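For reference, the chains in residue letters:
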Amino acid sequence: MGAFVKPMYKFTFAPPEKRFGDFTLFSKGDKYYCIFIENDKSTLPADDGFSVGNSLGLACSKDGIQWTYEGTVIKPEEQWKNRSLWAPCLLENGDSLVLLYSAISKYDKNPLLTQSVGLAHCTNLLDWKDYCNNPVITPPMTSEYYRGSKTQRLCWRDPYLFRLEDTYYCLLACSDIKKPLERSGCVGLLSSNNLIDWQEQEPLFSPSQYWEIETPAIYNYDGKWILLYGNYTNGHKMRYALSDSCFGPFHEPLQNTLAPSWCYCARIINGNCYYWVRNPKLGKVSTVLAPPKLLTLDGTTLSLHKHPAGPTITPIGLLANGFSYRTNTRKIDLLPTQTGLDLVDLPLKDGVNDLRTIAGEFSSSDQVSVATFDGIVEIYVNERFVHSFFS
């Protein structure tokens, strides 16, 4: 049985008295910066999620672990964004920084029909100036590739901006017009030479599996192109697909879940993977930025591992013994089971069992470890991150 290790400082981040949401990361010199969705906990209705009243906040860090809140940097003020702001993406562009971010307007009774993307410029990460003719990316009235502004279900948000040579590209959460609505979730692709005039391209990734795909991002890592994206069916999950080319085709491995449920919005910087984590019992009010994990790619398996500067992990035994989290003592106990190698059974605090199949990935002699911090329990097998939940 392993003992809980009390952290010396907080490993998670959220702005004081505010919610934390989808985010973008940037590093310069020896500092890290994070721009993220924020909202006042006290004024946002519990059942309205992040659909109203969001602003964008800024935090900075010297080590990528401990973050300092710097305040709100963009508010939902102009008409095209006066209902709420959604996911941002930051890119260094010469001597300045540019930011694409999602927004919705409250002038339409259905906010899903007013999604658009705006552009802002800055040099110091604090004083952002909107482009004078925002928004720069609006849902199409008609499109060869995507459901547009007159369709019943619009998905046109979560920009991810990157540049190849002289061309800018933007990934978007979109709906593939050629697919049935319930399987139309796709990663849309747009291109531009000036960040203002954008042309639609065919979807970068359209697997015909998901109602919606969210928070897409793309990275060149260890000789492969990694496409990260989220899906909220049966709990929010971070998923991935791989390709030899930036423009695909992308293929999902058979097991393509990057992390446990309720870990979401994966972003990679300096070989580390960041994401937010949420207590499903408390909802979005509990969302925080989790400590980073080391990213490894072995063939088609992308996995997360303990970060050297992250929370201490304590060995508790071998995988062959099986293990369970006991809510009455809030301790990790080794429990001999008949299915110890095939299944990890972790009863959650609300009594619902979360079963993670690990047969074939590990051996009976592999070491199980646990980290406990900020009300979160993380399970590792040979320092590979396999499960997390709130204590």
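To be clear, the structure that these remarks concern was listed above.
Residues numbered from 1 in each chain as written. Predicted model: local features only at pLDDT ≥ 70, side-chain atom pairs only at ≥ 80, totals over all residues. Heavy atoms only, no water.

### Some words on the overall build of the protein
- Along the protein, the regular secondary structure elements total zero helices and 28 strands.
- Contacts spanning at least 24 positions in sequence make up 50% of the contacts within the protein whose residues lie at least 6 apart.
- A total accessible area of about 17000 Å² is found for the protein, and carbon and sulfur atoms account for 48% of it. (Helix = DSSP H or I, 4+ residues; strand = E, 2+ residues; numbered from the N terminus. Contact = heavy atoms within 4.5 Å. Areas by Shrake-Rupley, 256 points an atom, 1.4 Å probe, with all protein chains shown as cover.)

### As for the pattern of salt bridges
- Tallied over the entire structure, the rule returns ten salt bridges.
- Taken together, the shared-partner salt bridges in this structure form one network comprising E78, K81 and D130. (Salt bridge = Lys/Arg side-chain N within 4 Å of Asp/Glu carboxyl O.)

### So, the side chain of S191
- Mapped onto the elements, S191 comes out in strand β11 (residues 185-192).
- Assessed through its relative accessible area of 10%, S191 is described here as buried.
- Separated by 2.8 Å, the side chains of S191 and Q201 make a polar contact.
- Those residues in contact with S191 that sit more than four places away from it in its chain are T167, Y168, Y169, D197, W198, Q199 and Q201. (Buried < 20%, exposed > 50% of the residue type's maximum accessible area, 1.4 Å probe, protein only. Polar contact = N/O pair within 3.5 Å; in protein donor to acceptor, adjacent residues only side chain to side chain.)

### Some thoughts on the nonpolar core
- With 69 residues, the main nonpolar core has W198, I218 and L258 as its most contacted residues.
- Leaving out residues up to four positions away in the same chain, L258 has contacts with L228, M238, R239, Y240, A266, C273, L295, L302, S303 and L304.
- L58, A103, C122 and W128 belong to the second largest nonpolar core, which has 20 residues in total. (Core = buried A, V, L, I, M, F, W, Y, C linked by side-chain atoms within 4.5 Å.)

### Structural notes on the side chain of N54
- Following the sequence through the fold, N54 ends up in the loop between β2 (31-40) and β3 (55-61).
- Since its relative accessible area comes to 0%, N54 is described here as buried.
- Of note is the side chain of N54, whose polar atom sits 2.8 Å from the side chain of N39.
- A polar contact of 2.9 Å, which involves the side chain of N54, links it to the backbone oxygen of L85.
- Discounting residues that sit within four places of it in the chain, N54 has contacts with I37, E38, N39, P76, R83, S84, L85 and W86.

### Description of the sheet that holds β2
- Pairing is antiparallel in the open sheet, where four strands are placed in the order β1-β2-β3-β4. Lying at the two open borders of the sheet, with one neighbouring strand each, are β1 (18-28) and β4 (68-74). Shown here is a sheet whose adjacent strand axes are inclined to one another by a mean of 30°, direction ignored.
- Two elements, β3 and β4, share five bridges in a ladder whose sense is antiparallel. The partner of L58 across the bridge, within β4, is G71. (Pairing = 2+ DSSP bridges. Axes fitted to C-alpha atoms, helices over the stretch in contact; angles between N-to-C directions.)

### Some remarks on unusual backbone geometry
- Residue P135 is bonded to the preceding N134 through a cis peptide linkage, with omega at 0°.
- Here P135 lies in the loop between β8 (129-130) and β9 (157-164).
- With an omega of 5°, the peptide bond running from G248 to P249 counts as cis.
- Examined against the element boundaries, P249 turns out to sit in the loop between β15 (237-243) and β16 (263-269).
- A positive phi is found at E17, a non-glycine position, where the angle reads about 60°.
- Summarising the element assignment, E17 is placed in the segment before β1.

### A closer look at the environment of N124
- Tracing the backbone shows N124 in the loop between β7 (116-122) and β8.
- We classify N124 as partly exposed; its relative accessible area is 37%.
- Taking the C-alpha atoms as reference points, N124 and S96, separated by 28 residues in sequence, lie 8.3 Å from one another.
- For N124, the side chain forms a polar contact with the side chain of D127, separated by 2.8 Å.

### Regarding the pairing of strand β28 (residues 384-390)
- Of all seven residues in β28, seven are buried, a share of seventy percent or more.
- Pairing of strand β27 (residues 376-381) with β28 involves six bridges; the strand directions are antiparallel. Residue pairing across strands places E378 opposite S388, the latter belonging to β28.
- The turn joining β27 and β28, which pair antiparallel and follow one another in sequence, is formed by two residues; a positive phi near 50° is taken by N382.

### A look at the packing of aromatic side chains
- One pass over the full model with this rule turns up 20 aromatic pairs.
- Three or more aromatic residues joined by ring pairs form one cluster here, namely F13, F20, F23, F36 and Y69.
- We note K293 situated over the ring of F385; from NZ or CZ to the ring centre the distance is 4.8 Å. (Phe/Tyr/Trp six-rings, centres within 6.5 Å; stacked < 30°, edge-to-face > 60°. Lys NZ or Arg CZ within 6 Å of the ring centre and 35° of its normal.)

### Some words on the sheet that holds strand β6 (residues 96-104)
- A sheet is described by the order of its strands in space; here four strands give the open sequence β5-β6-β7-β8, paired in antiparallel fashion. Sheet topology places β5 (84-93) and β8 at the edges, where each strand pairs with a single neighbour.
- Of the strand pairs in this sheet, β5 and β6 are connected by eight bridges, and their pairing is antiparallel. Residue pairing across strands places L90 opposite L99, the latter belonging to β6.

### Digging into the pairing of strand β19 (residues 293-298)
- One ladder, built from two bridges, connects strand β17 (residues 272-277) with β19; its direction is antiparallel. Across the sheet, the residue bridging to C273 is K293, located in β19.
- As paired elements, β19 and strand β20 (residues 301-305) share five bridges and run antiparallel to each other. Bridged to D298 within β20 is T301.
- Here β19 folds back onto β20 in antiparallel fashion, the turn holding two residues, of which G299 has a positive phi close to 65°.

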